[in-house]
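Residues per chain are reported as follows:
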Amino acid sequence: MKYLLKEVEYRIDLLRRKGISQVVLDKLVKPEMKLSRLVVTKDFRIILPDYDDMEIGMTPLVKAVFLLFLKHPEGILFKELPDYRFELAEIYGKIKGARVSRNLFGIRRYDKSIVDATDPINNSINEKCARIREAFLLKFQEGLAENYFVTGKRGEPKTITLPRDMVEWKE
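Every value quoted in this text rests on a predicted model; they were computed, and no experiment measured them.

Participant: For the overall build of the protein, give the residues involved together with the corresponding values.
Facilitator: The helix and strand inventory of the protein stands at seven helices and eight strands. The C-alpha atoms of the protein give a radius of gyration of 21 Å, which is well past the 16 Å a tight globule of 171 residues would have. In terms of its C-alpha atoms, the protein occupies a principal-axis envelope of roughly 80 × 35 × 30 Å. For the protein, restricting intrachain contacts to residue pairs at least 6 apart in sequence, the fraction spanning at least 24 positions comes to 52%. Of the side-chain charges in the protein, 32 are positive and 26 negative, and the distance between the mean point of each set is 2 Å.

Participant: Please provide a residue-by-residue account of the pattern of salt bridges, values included.
Facilitator: Counted under the stated rule, the structure contains eight salt bridges. Two residues, E7 and R11, come together in a salt bridge whose shortest N-O distance is 2.7 Å. With a gap of four residues between them, E7 and R11 both fall in helix 1 (residues 2–17), about one helical turn apart. The exposure class assigned to E7 is partly exposed, which follows from its relative accessible area of 25%. Linking R17 and D13 is a salt bridge whose minimum nitrogen-to-oxygen distance equals 3.1 Å. In this pair, R17 and D13 both sit in helix 1, four residues apart, roughly one turn of the helix. Judged by relative accessible area, R17 falls into the exposed class, the value being 56%.

Participant: Describe the packing of aromatic side chains, with residues and values.
Facilitator: In total, this model carries six aromatic pairs according to the counting rule given. Centre to centre, the rings of F69 and F78 are 6.4 Å apart; their planes meet at 70°, and the pair counts as edge-to-face. Each member of the pair, F69 as well as F78, carries the same accessibility label: buried. Ring centres of F140 and Y148 lie 5.7 Å apart, and the angle between their planes is 70°; on these two criteria the pair is classed as edge-to-face. Residue class for F140 comes out buried when judged on its relative accessible area of 12%. Owing to a relative accessible area of 0%, Y148 belongs among the buried residues under this scheme. Members of the aromatic cluster, connected to one another through ring pairs, are Y51, F66, F136, F140 and Y148. Sitting above the plane of the F78 ring, K158 keeps its charged end 5.2 Å from the centroid.

Participant: Let's hear about unusual backbone geometry: which residues, and what values?
Facilitator: Phi angles above zero are rare outside glycine, and F44 is one such case at about 65°. The residue F44 is located in the loop between strand 1 (38–40) and strand 2 (46–48) in this model. Even without glycine at this site, D52 takes up a positive phi of about 55°. Along the polypeptide, D52 turns up in the loop between strand 2 and strand 3 (54–56). In this structure D52 comes out as exposed when scored by relative accessible area, which is 75%.

Parameters at a glance
- Residues numbered from 1 in each chain as written.
- Predicted model: local features only at pLDDT ≥ 70, side-chain atom pairs only at ≥ 80, totals over all residues.
- Heavy atoms only, no water.
- Helix = DSSP H or I, 4+ residues; strand = E, 2+ residues; numbered from the N terminus.
- Rg over C-alpha atoms; globule rule 2.2 N^0.38 Å.
- Contact = heavy atoms within 4.5 Å.
- Lys, Arg positive; Asp, Glu negative; His and termini not counted.
- Charge placed at Lys NZ, Arg CZ, Asp CG, Glu CD.
- Salt bridge = Lys/Arg side-chain N within 4 Å of Asp/Glu carboxyl O.
- Buried < 20%, exposed > 50% of the residue type's maximum accessible area, 1.4 Å probe, protein only.
- Phe/Tyr/Trp six-rings, centres within 6.5 Å; stacked < 30°, edge-to-face > 60°.
- Lys NZ or Arg CZ within 6 Å of the ring centre and 35° of its normal.

Function-wise, these values are silent; they only describe arrangement.
Structure representation (structure tokens):
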């Protein structure tokens, strides 16, 4: 492996000395990245058809958080997460095959994991976003993967930057 890396380094240096521009060399080293469409199947599998039907695996709650952000291209402020509790619970319930339950007085009861994930003071949402990031980084490099995971600056809405015309929901 070290020999091969040395050989590549030598060849790049040779090209540089022959007058090949840095722009051309950068294109060789960092080829143009092509985004894949993202398909969410009826059974909530996440498939990237343009990468040989690569499937992105996540636990049910992490997948529910991913799908929640995917449904909101405008982004979600972490401090407003409690407003999305019911929607997240519905997505999570569909993935797990359960319904959001109500008690005798008609008040919704949520799984503790849903409450934690939508509590902006709790670190749970950051952990879920880290798991989403990890799921994509395990499959391909960061420059491409960052289009598929939840990103955003502190205090600003967090979003998935993948253009929504590249997302297909199979119903």
